[in-house]
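Listed below are the residues making up each chain.
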Amino acid sequence: MSNGLAHGLPSSSLTFSRDLKQVNLTISFPLEDLIIASAGFKALEHLAANNSMPEKLLASLDTYLKAHFEMRHDSTHIPFTLESAYLEMKTHHDVGTYVSVVSELRLAISKGESVFPMNLRYDALMHEIRTHRANVYWLEPGLNAQRMAGFGFYSKGKNQGVLIQKPVNPP
């Protein structure tokens, strides 16, 4: 019998960024956890890394994310469009190499419009894997991503979300 400790797969990563036209969001999480949370994605196991997701599975991922991810600013729902998704090989110091699902979203926010403070509701994967966590980042061009929040599953009542404040530029 092994006395080694098992490590869970890495957390979901939600990275917001803004370009000249829009606010973007990249969401990544382990494929293995997605298959546990929703068995309909098992077909992704056979897709090679760095390939775009087939249209049928992309539509399924869009439906899944819309059921498990929501943003609000001043009580107004912020819609998003899933632009693309692909699989990527990643390495983690505790678990080694794993496959990550990377989703690129465009938020329906006009140039110059504020998104903060933002109420973020995210329970993708967590609704089935209670130990799964999520980390939220803001990425400015030319700077390192700034961590804005980290959270896990809300077991008491409905997930009311996490309030994300405007990022402070690092020194």
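Residues numbered from 1 in each chain as written. Predicted model: local features only at pLDDT ≥ 70, side-chain atom pairs only at ≥ 80, totals over all residues. Heavy atoms only, no water.

Some thoughts on the pattern of salt bridges
Under the convention used in this document: Should a side-chain nitrogen of Lys or Arg be within 4 Å of a carboxyl oxygen of Asp or Glu, the pair is scored as a salt bridge. Segments assigned H or I by DSSP are reported as helices when at least four residues long, segments assigned E as strands when at least two residues long, and all are numbered from the N terminus. Accessibility here uses a 1.4 Å probe with only protein chains present; expressed as a share of the type maximum, an area under 20% marks a residue as buried, one over 50% as exposed, and anything in between as partly exposed.
Taken as a whole and judged by the stated rule, the model has six salt bridges. One salt bridge connects R121 with E70, and the closest N-O pair in it is separated by 3.7 Å. Of this pair, R121 sits in strand β7 (residues 118-122) while E70 sits in strand β3 (residues 69-73), and the two are 51 residues apart along the sequence. Taking relative accessible area as the criterion, R121 reaches 15% and is therefore assigned buried. Across the pair K90 and E88 runs a salt bridge whose closest N-O atoms are separated by 3.7 Å.

A look at the pairing of strand β6 (residues 96-107)
As a reminder of what qualifies: Being paired, for any two strands, means DSSP has found at least two bridges between them.
Pairing of strand β2 (residues 23-30) with β6, which is carried by eight bridges, proceeds in the antiparallel orientation. Across the sheet, the residue bridging to S28 is V102, located in β6. Sheet topology note: the strand β5 (residues 80-92)/β6 ladder contains twelve bridges and is antiparallel. Bridge assignment links A85 to a residue of β6, and that residue is S103.

Some thoughts on the packing of aromatic side chains
So the rule is basically this: Centres within 6.5 Å make a pair out of two Phe, Tyr or Trp rings, where for Trp the six-membered ring is used; the pair is then stacked when the planes are under 30 degrees apart, edge-to-face when over 60, and tilted otherwise. Over a ring means this: the NZ of a Lys or the CZ of an Arg is within 6 Å of the ring centre and within 35 degrees of the ring normal.
Tallied over the full model, the rule gives four aromatic pairs. Ring geometry for F116 versus W138: centroids 5.3 Å apart, planes at 75°, classification edge-to-face. Note that F116 is positioned in the loop between β6 and β7 and W138 in strand β8 (residues 134-139), a separation of 22 residues in sequence. Residue classification places F116 among the buried residues on the basis of a relative accessible area of 11%. A residue is classified by how much of its surface remains accessible, and W138, at 5% relative accessible area, is buried. Seen from the ring of F80, K66 lies directly overhead, with NZ or CZ sitting 5.6 Å from the centre.

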